[in-house]
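Structural overview for review
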Amino acid sequence: MNNQWIDSQSPEDKQLQASLLEAGTLPRHIAIIMDGNGRWAMDRNLPRAAGHQQGIESVRDIVKACSQLNIGFLTVYAFSMENWKRPRMEVQILMSLLKTYLLQEIDELDANNVRLHAIGKLNALPKNVQNILNEAIERTSKNTGLTLTLALSYSGRWDIVRAVQMIALDIRRGTLSPEDITDEQFSKYLLTESMPDPDLMIRTSGEMRLSNFLLWESAYSEMYITKQLWPDFRREDLYCALKDFLNRERRFGKTGQQLRESDEKENQQGSLRRIISSFSSR
Ligand code: FPP
């Protein structure tokens, strides 16, 4: 699987990816706030739609690169619930670009083992977009490579409120008791329930905001903010973000010393396990 995209890679790119893979553990889940399409277009005296169109080229390249790097999950913020407030024409253009993207890309995504997924208030999307999206999701549902999630008509607060409503219903039905609500239990009620929390959250265009994206899930995500506008963001920029990620110390509330001690302990236990298994296989 994944042959097409791997076969089409240049030797230099393969080398760059190999060095990243050797350097450490890459994120299992990358989430991206793709921002700056409008500014990219304005800088060139082009209509905003041209920025979105060019933004799709970035989506294509980043999806390919993540798949080649064996990243498990990529979630992109393609349309927020607040984006419905944009001028009607821009919303129509975005919906039509989304439709075109799905129709044009689905064969290639499927051939490269990508599983398509979507989160958000999907029934707010135009019916024809919903149909194409559902078909694409269904068609790729058995794939085992990269899970590409499109956040569409998505709002982190909306998803949290929806989860709370479902929890309240389960309590009323008697299938859940309040004492059983833990972080883990709560996560199961969110639309992101089937994926790990993002390890790395990238935002383009320099804005320092989460903009209502994966609010619960990003509690311990490493943030990477670049001034680059989304239509200019390509795989080389992703590699910079990954290099930066590999240099971060993810402490999850612990001290650096505690982390080093637990790494040491794990290494010792690993060596012990290897010694024991080498004896038992003799
Ligand atoms: C933010 O830029 C971007 C969006 C609201 C839409 C993102 C959509 C795409 C990249 C294309 C469609 C995506 C897929 C997956 C097919 P902005 O318009 O807010 O830029 P600005 O802040 O410079 O105005």
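About the thresholds
Residues numbered from 1 in each chain as written. Predicted model: local features only at pLDDT ≥ 70, side-chain atom pairs only at ≥ 80, totals over all residues. Heavy atoms only, no water. Helix = DSSP H or I, 4+ residues; strand = E, 2+ residues; numbered from the N terminus. Contact = heavy atoms within 4.5 Å. Axes fitted to C-alpha atoms, helices over the stretch in contact; angles between N-to-C directions. Parallel < 35°, antiparallel > 145°, perpendicular 65-115°, else oblique. Left-handed = near helix turned anticlockwise from the far one by under 90°. Pairing = 2+ DSSP bridges. Phe/Tyr/Trp six-rings, centres within 6.5 Å; stacked < 30°, edge-to-face > 60°. Buried < 20%, exposed > 50% of the residue type's maximum accessible area, 1.4 Å probe, protein only. Lys NZ or Arg CZ within 6 Å of the ring centre and 35° of its normal. Near = heavy atom within 4 Å. Polar contact = N/O pair within 3.5 Å; in protein donor to acceptor, adjacent residues only side chain to side chain. Areas by Shrake-Rupley, 256 points an atom, 1.4 Å probe, with all protein chains shown as cover. Expected span 1.5 Å × (residues − 1). Patch = residues over 30% accessible without salt bridge, like charges linked within 9 Å, V, L, I, M, F, W, Y side chains within 5 Å. Salt bridge = Lys/Arg side-chain N within 4 Å of Asp/Glu carboxyl O. Lys, Arg positive; Asp, Glu negative; His and termini not counted. Charge placed at Lys NZ, Arg CZ, Asp CG, Glu CD. Arc of directions from axis to C-beta.

**Section: the environment of Met 34**
- Residue position: Met 34 is located in the loop between strand S1 (29-33) and helix H3 (37-43).
- As for Met 34 and Gln 54, which are separated by 20 residues in sequence, their C-alpha atoms are 12 Å apart.
- Once residues within four sequence positions are removed from consideration, Met 34 is found in contact with Val 59, Val 76, Tyr 77, Ala 78, Thr 204 and Trp 230.

**Regarding the packing of helix H2 (residues 11-23) against helix H9 (residues 235-246)**
- Following both chains from N to C, one finds H2 and H9 inclined at 15 degrees, their axes separated by 10 Å at the closest point. One finds that H2 runs roughly parallel with respect to H9. Read as a crossing pair, H2 and H9 show a hand that is left-handed. Only Arg 235, Tyr 239, Leu 242, Lys 243 and Leu 246 of H9 make contact with H2, whose side of the interface consists of Asp 13, Leu 16, Gln 17, Leu 20 and Ala 23.

**Remarks on the sheet that holds strand S3 (residues 115-119)**
- What the six strands build is an open sheet, ordered S3-S4-S2-S1-S5-S6; its pairing is parallel. Both edges of this open sheet fall to S3 and strand S6 (222-225), since each of them pairs with a single strand only. This sheet shows a mean twist of 20 degrees between the axes of neighbouring strands, independent of strand direction.
- Where S3 and strand S4 (residues 147-154) come together, five bridges link them in parallel fashion. Bridging across to S4, Arg 115 finds its partner in Thr 147.
- Sheet contacts for helix H5 (residues 88-111): strand S2 (73-80), S3 and S4; angle to S4, the most-contacted strand, approximately 165 degrees.

**What to know about the packing of aromatic side chains**
- Taken as a whole and judged by the stated rule, the model has seven aromatic pairs.
- Taking 6.0 Å as the distance between ring centres and 90 degrees as the angle between the ring planes, the aromatic pair formed by Tyr 154 and Phe 213 counts as edge-to-face. Pair noted here: Tyr 154 is in strand S4 and Phe 213 is in the loop between strand S5 (200-203) and S6, with a separation of 59 residues, a long-range link. Take Tyr 154 and Phe 213: they sit in the same class, and that class is buried.
- An angle of 20 degrees between the planes, with centres 5.4 Å apart, marks the rings of Trp 230 and Phe 233 as stacked. Accessibility classification places Trp 230 together with Phe 233 in one group, the buried group.
- Members of the aromatic cluster, joined through ring pairs, are Tyr 77, Tyr 154 and Phe 213.
- Positioned above the aromatic ring of Trp 158 is the side chain of Arg 162, whose terminal nitrogen or guanidinium carbon lies 5.8 Å from the ring centre.

**Things to note about the site of the ligand**
- The local shell around the ligand holds 16 residues, among which Met 34, Gly 38, Arg 39, Arg 48 and Arg 86 are the closest.
- Take Arg 39: an N or O atom from its main chain is 2.7 Å from an oxygen atom of the ligand.
- Arg 48 places a polar side-chain atom, nitrogen or oxygen, 2.9 Å from an oxygen atom of the ligand.
- Its free accessible area being 630 Å², the ligand has 92% of it covered by the protein chains.

**Comments concerning H9**
- A rise of 1.5 Å per residue sets the reference length of H9, with its twelve residues, at 16 Å; its end C-alpha atoms lie 16 Å apart and thus fit the reference within 8%.
- Listed as buried for H9 are Arg 235, Asp 237, Leu 238, Tyr 239, Ala 241, Leu 242 and Phe 245.
- For H9, the elements touching its buried residues are H2, S1, helix H4 (48-68), S5 and S6.

**Section: a negative patch on the surface**
- Taken together, the side chains of Glu 261, Asp 263, Glu 264 and Glu 266 present a region of like negative charge at the surface.
- Along the chain, the position of Glu 266 falls in helix H10 (residues 256-280).

**Remarks on the pattern of salt bridges**
- As enumerated under the stated definition, the model contains 16 salt bridges in all.
- Put simply, Arg 39 and Asp 35 hold a salt bridge, and the shortest N to O gap is 3.3 Å.
- Salt bridges here are not isolated pairs; linked through shared partners, they connect Asp 35, Arg 39, Arg 203, Glu 207 and Arg 209.

**So, helix H7 (residues 156-173)**
- Taking 1.5 Å per residue as the helical rise, H7 with its 18 residues ought to reach 26 Å, and the 26 Å between its terminal C-alpha atoms agrees with that figure.
- Among the residues making up H7, those that are buried are Gly 156, Asp 159, Arg 162, Ala 163, Ile 167 and Asp 170. The arc that holds every buried residue of H7, seen down its axis, measures 140 degrees, which confines them to one face. Relative to its buried face, H7 has exposed residues pointing more than 90 degrees away, namely Arg 157 and Arg 172.
- Residues of H7 that are buried make contact with S4 and helix H8 (183-187).
- Trailing H7 by a residue or two, Gly 174 shows a phi angle of about 85 degrees, which is positive.

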